[in-house]
Amino acid sequence: FSSVFAGNNNFFNFNNTGVWEILNILELIWGLSFLRDAFNFCVSGNAVDWYWFRPANTSCYSPYQRLLCRHWGSVAGGSFLNAFFTIPTLIMELFVCHPQTCCSGIGNVCYNSCSWLTCFFDLVRTDAYSYINLSGIPFCNAARQVKKLNERNPAYVGSHSPMNHYRFAATAFLVAAALLM
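Residues numbered from 1 in each chain as written. Predicted model: local features only at pLDDT ≥ 70, side-chain atom pairs only at ≥ 80, totals over all residues. Heavy atoms only, no water.

Caption draft 1: The arrangement of the overall build of the protein chain in detail. Check the secondary structure of the protein chain and you find 10 helices and 0 strands. Scored against the burial criterion, the 181 residues of the protein chain give a buried share of 29%. Here the protein chain displays about 12300 Å² of accessible surface, and carbon together with sulfur accounts for 68% of that area. (Helix = DSSP H or I, 4+ residues; strand = E, 2+ residues; numbered from the N terminus. Buried < 20%, exposed > 50% of the residue type's maximum accessible area, 1.4 Å probe, protein only. Areas by Shrake-Rupley, 256 points an atom, 1.4 Å probe, with all protein chains shown as cover.)

Caption draft 2: Looking closely at the packing of aromatic side chains. Here the structure, examined in full by the defined rule, presents 8 aromatic pairs. Between Tyr-129 and Phe-139 the ring centres are 5.5 Å apart and the planes differ by 40°, which places this aromatic pair in the tilted class. Highlighted residues: Tyr-129 in helix H7 (residues 128-135) and Phe-139 in helix H8 (residues 139-151), separated in sequence by 10 residues. Take Phe-139: its relative accessible area is 3%, and that puts it in the buried class. (Phe/Tyr/Trp six-rings, centres within 6.5 Å; stacked < 30°, edge-to-face > 60°.)

Caption draft 3: Main features of the confidence of the model for the protein chain. Confidence in the prediction for the protein chain averages 77 pLDDT; 69% of positions are at 70 or higher. Across the protein chain, the secondary-structure element scoring lowest on mean pLDDT is helix H5 (residues 104-112), at 53, and the one scoring highest is helix H3 (residues 72-84), at 92. (pLDDT = per-residue confidence, 0-100.)

Caption draft 4: Structural context of the pattern of salt bridges. Per the counting criterion, the structure on display carries 3 salt bridges. With its nearest N and O atoms 3.4 Å apart, the salt bridge here joins Asp-49 to Arg-66. Taken together, the residues Asp-49 in helix H1 (residues 18-52) and Arg-66 in helix H2 (residues 62-69) connect sequence positions 17 residues apart. Here Asp-49 falls in the buried class, since its relative accessible area comes to 4%. Since its relative accessible area comes to 11%, Arg-66 is described here as buried. (Salt bridge = Lys/Arg side-chain N within 4 Å of Asp/Glu carboxyl O.)

Caption draft 5: Representation of H8 within the structure. Helix length check: H8, at 13 residues, gives a terminal C-alpha distance of 18 Å against a target of 18 Å (1.5 Å per residue), a fit within 8%. Within H8, burial applies to Phe-139, Ala-142, Ala-143, Val-146, Lys-147 and Asn-150. Buried residues in H8, looked at end-on, bunch into an arc of 140°, giving them a common side. (Expected span 1.5 Å × (residues − 1). Arc of directions from axis to C-beta.)

Caption draft 6: Structural view of a nonpolar patch on the surface. A cluster of nonpolar side chains, contributed by Ile-22, Leu-23, Ile-25, Leu-26 and Ile-29, occupies part of the molecular surface with about 420 Å² of accessible area. Looking at where Ile-25 falls in the secondary structure, it is placed in helix H1. (Patch = residues over 30% accessible without salt bridge, like charges linked within 9 Å, V, L, I, M, F, W, Y side chains within 5 Å.)

In structure tokens, the structure reads:
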């Protein structure tokens, strides 16, 4: 098999595996995030079904049916955001001062300006899946609604960002420990 591209190192040359290795790593990251978020969707769906639709006879497989038939794209899109933008969101959260915290005067100005960057990073959340199960709306709309609901809760405002940082630090520690073994 010969081709005019046989001597070139371009994207379609399968002997140049560096590009394919990078794509495989990105696929692995997104795939694992999708599995995690699909699990979160199904578990939260069972909790929503039990809490809100308890008198009705609901099957434990109804969240799986909702995932496969109606919300596959929402979970795929949400897992993409959660996989690739969690670390930039954690870095940005270090510099954003939220309203109703210690620097509320500055927080109201910088947080309510809502540039495209802060609005985009507000979509990176995993708690939107329970709201998708409850309301049936797509991921981005559910993430915005959950953000609005959580901001009305005074106990949530000061704890969301630190808990994300602690979870990320624990995950990084476990990955580092696994690599050292």
